[in-house]
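Residues per chain are reported as follows:
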Amino acid sequence: METKGTNGTSFDVSYCKPEERSRWDSIRLAIYNPSTREIFGRTCQSWGAITLFYSVFYVILAAFFAICMKGMLVTIDEKIPYFTQDYSLIGSSPGLGFRPIGADAEKEGSLIWFDAKNATNVEVWTSRIEDFLKPYKNPSSLKGEGRNQVRCDYATPNPGAGKVCAMDMDNWGTCQQRFGYGYNKSSPCVFVKLNKIFGWVPEYYNDTADLPKDMPQELKDHIDRTPISKRNTIWVSCEGENPADIENVGPIEFFPERGIPGFYFPYENQDGYLSPVVAIHFVRPNPHVLINIECRAWARNINYRRHNTLREGSVHFEIMID
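Keep in mind the model is a prediction, meaning the values are calculated, not measured.

## Digging into the side chain of Ser-314
Then step 1. Positionally, Ser-314 belongs in strand β15 (residues 314–321).
Then step 2. Take Ser-314: its relative accessible area is 4%, and that puts it in the buried class.
Then step 3. Here Glu-294 takes part through its side chain, which lies 3.4 Å from a polar atom of the side chain of Ser-314.
Then step 4. Not counting chain neighbours up to four residues away, the residues in contact with Ser-314 comprise Leu-96, Glu-294, Cys-295, Arg-296, Tyr-304 and Arg-305.

## Some words on the confidence of the model for the protein
Then step 1. The predicted model of the protein averages 84 in pLDDT, with 82% of residues at 70 or higher.
Then step 2. The model gives residues 142–146 a pLDDT under 50, and that stretch makes 10 contacts with residues more than four places away or in other chains.

## Topic: the pairing of strand β14 (residues 291–298)
Then step 1. β14 sits mainly inside the fold: 8 of its 8 residues count as buried.
Then step 2. Burial along β14 is two-sided: the face carrying Ile-291, Ile-293, Cys-295 and Ala-297 and the face carrying Asn-292, Glu-294, Arg-296 and Trp-298 are both buried.
Then step 3. Two elements, strand β10 (residues 233–240) and β14, share 6 bridges in a ladder whose sense is antiparallel. Across the sheet, the residue bridging to Trp-235 is Trp-298, located in β14.
Then step 4. Where β14 lies against β15, 6 bridges are found, and the strand directions are antiparallel. Note that in β15 the partner of Asn-292 across the bridge is Glu-318.

## Quick notes on the sheet that holds β14
Note on sheets: strands pair through backbone hydrogen bonds, and any given pair is parallel or antiparallel.
Then step 1. Spatial strand order, β6-β15-β14-β10-β12: 5 strands in an open sheet with mixed pairing. Edge strands, defined here as strands with exactly one partner in the open sheet, are β6 (111–114) and β12 (259–261). Adjacent strand axes in the sheet meet at a mean angle of 20°, parallel and antiparallel pairs treated alike.

## Focus: the state of the cysteines
Then step 1. Per the stated rule, a full pass over the model turns up 2 disulfides.
Then step 2. The side chain of Cys-175 participates in a disulfide bridge whose partner is Cys-189; the two sulfur atoms lie 2.0 Å from each other. Residues Cys-175 and Cys-189 share a disulfide whose torsion about the S-S bond is about -85°; that sign makes it left-handed. On the criterion of sequence distance, the pair formed by Cys-175 in the loop between β8 (164–165) and β9 (189–194) and Cys-189 in strand β9 is long-range, its members being 14 residues apart.
Then step 3. Here Cys-238 pairs with Cys-295 through a disulfide, and the sulfurs are 1.9 Å apart. Its torsion about the S-S bond being 110°, the disulfide of Cys-238 and Cys-295 is classed as right-handed. Here the residue Cys-238 occupies a position in strand β10, and Cys-295 occupies one in strand β14, the gap between them amounting to 57 residues.
Then step 4. When its relative accessible area of 7% is taken as the criterion, Cys-238 is described as buried.

## Description of the pattern of salt bridges
Then step 1. Scanning the entire structure with this criterion turns up 8 salt bridges.
Then step 2. Between Lys-137 and Glu-130 there is a salt bridge, with its nearest N and O atoms 2.8 Å apart.
Then step 3. We note a salt bridge from Asp-210 to Arg-300, for which the minimum N-O separation is 3.1 Å. In this pair, Asp-210 is assigned in the loop between β9 and α5 (217–225) and Arg-300 in the loop between β14 and β15, connecting sequence segments 90 residues apart.
Then step 4. Given a relative accessible area of 39%, Asp-210 falls into the partly exposed group.

## Description of the packing of aromatic side chains
Then step 1. Within the structure shown, the criterion is met by 14 aromatic pairs.
Then step 2. With centroids separated by 6.1 Å and ring planes inclined at 80°, the aromatic side chains of Phe-282 and Phe-317 adopt a geometry described as edge-to-face. A residue pair is termed long-range when its members are at least 10 positions apart, and Phe-282 in strand β13 (residues 277–282) and Phe-317 in strand β15 qualify at 35 residues.
Then step 3. The class for Phe-282 is buried, based on a relative accessible area of 0%.
Then step 4. Look at Phe-317 and you get buried, because its relative accessible area is 0%.
Then step 5. Ring pairs connect the aromatic residues Phe-53, Tyr-54, Phe-57 and Tyr-58, which therefore count as one cluster.
Then step 6. Arg-128 extends its terminal NZ or CZ atom over the ring of Trp-125, reaching a point 4.6 Å from the ring centre.

## Some remarks on the nonpolar core
Nonpolar side chains in soluble globular proteins tend to end up buried together.
Then step 1. Counting 55 residues, the largest nonpolar core has Ile-112, Trp-172, Tyr-183, Phe-191, Ile-293 and Phe-317 as the members making the most contacts within it.
Then step 2. At 6 residues, helix α4 (residues 119–137) tops the list of elements feeding residues into this core.
Then step 3. If near-sequence neighbours (up to four positions away) are discounted, Tyr-183 is found in contact with Pro-100, Ile-112, Phe-114, Ala-116, Val-122, Trp-125, Thr-126, Ile-129, Pro-188, Cys-189 and Val-190.
Then step 4. By size, the runner-up hydrophobic cluster in this structure holds 7 residues, among which are Tyr-205, Met-215, Ile-223 and Trp-298.

Cut-offs and rules
- Residues numbered from 1 in each chain as written.
- Predicted model: local features only at pLDDT ≥ 70, side-chain atom pairs only at ≥ 80, totals over all residues.
- Heavy atoms only, no water.
- Helix = DSSP H or I, 4+ residues; strand = E, 2+ residues; numbered from the N terminus.
- Buried < 20%, exposed > 50% of the residue type's maximum accessible area, 1.4 Å probe, protein only.
- Polar contact = N/O pair within 3.5 Å; in protein donor to acceptor, adjacent residues only side chain to side chain.
- Contact = heavy atoms within 4.5 Å.
- pLDDT = per-residue confidence, 0-100.
- Pairing = 2+ DSSP bridges.
- Axes fitted to C-alpha atoms, helices over the stretch in contact; angles between N-to-C directions.
- Disulfide = S-S within 2.5 Å.
- Salt bridge = Lys/Arg side-chain N within 4 Å of Asp/Glu carboxyl O.
- Phe/Tyr/Trp six-rings, centres within 6.5 Å; stacked < 30°, edge-to-face > 60°.
- Lys NZ or Arg CZ within 6 Å of the ring centre and 35° of its normal.
- Core = buried A, V, L, I, M, F, W, Y, C linked by side-chain atoms within 4.5 Å.

This is how it looks when you write it as structure tokens:
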């Protein structure tokens, strides 16, 4: 075919019609082309070069990653966190937790709702308490849990090297399994524990002349009656949140102490360490009414804020007895 260019020059243009192939032939030649000896579009020499390149690349990358990991692990201690207290996300003010909680915490929230006359329902709640207290009652039954626990008291607060203080489970009054934790008598026990913060040491309210104004008067009276040698304690108070709750909650007892003795601190990731617990016995709460309760921990370096989602230094729960 003759074609003229823009300057009037004529030249011949020949068109080659591409060879028509079936779909199968196209696939077969894409896998291996015998005329060019290409496999998936590359010769063996090309495949060898690219394989060598990426092999060297990933070996160097893996070595670089291993060096970085080794350098990072050298700076990490298995026992001591790199960031602690004010430099960590958890902060330097421990919070409180409580047990028992419902099987579906998102659905049941913080409500403890039971029927004292329904043995099956009572068993549900007491079994949850048993599960929570199992490592405290029999620490040697769990692998690596509590095997270093020894009894401590105010006279001998130091448990010794490699040891931690065990909870006193003998003086919990009604808050024991043989009494059904009070649930079968409409006088339930709730267990409050202080969350663990590495290296945190409490600053005690042990001077009766320097107690906070918002501390309940009955707790102030208790501190005044407590021997000076036993005042190094994180005190715990529980009361109804509103006037109606205060009227309905009734008398409250604390076991084994009115707080958490200082010899449980500091927590330094010791083997067998378990968060100390206070058993709170609600002696005669009014039935058939929802009672809002707040329990608070008292120490100079425990911040307090009552808030639905950003609560500090306290825990909220509700009790309802059918």
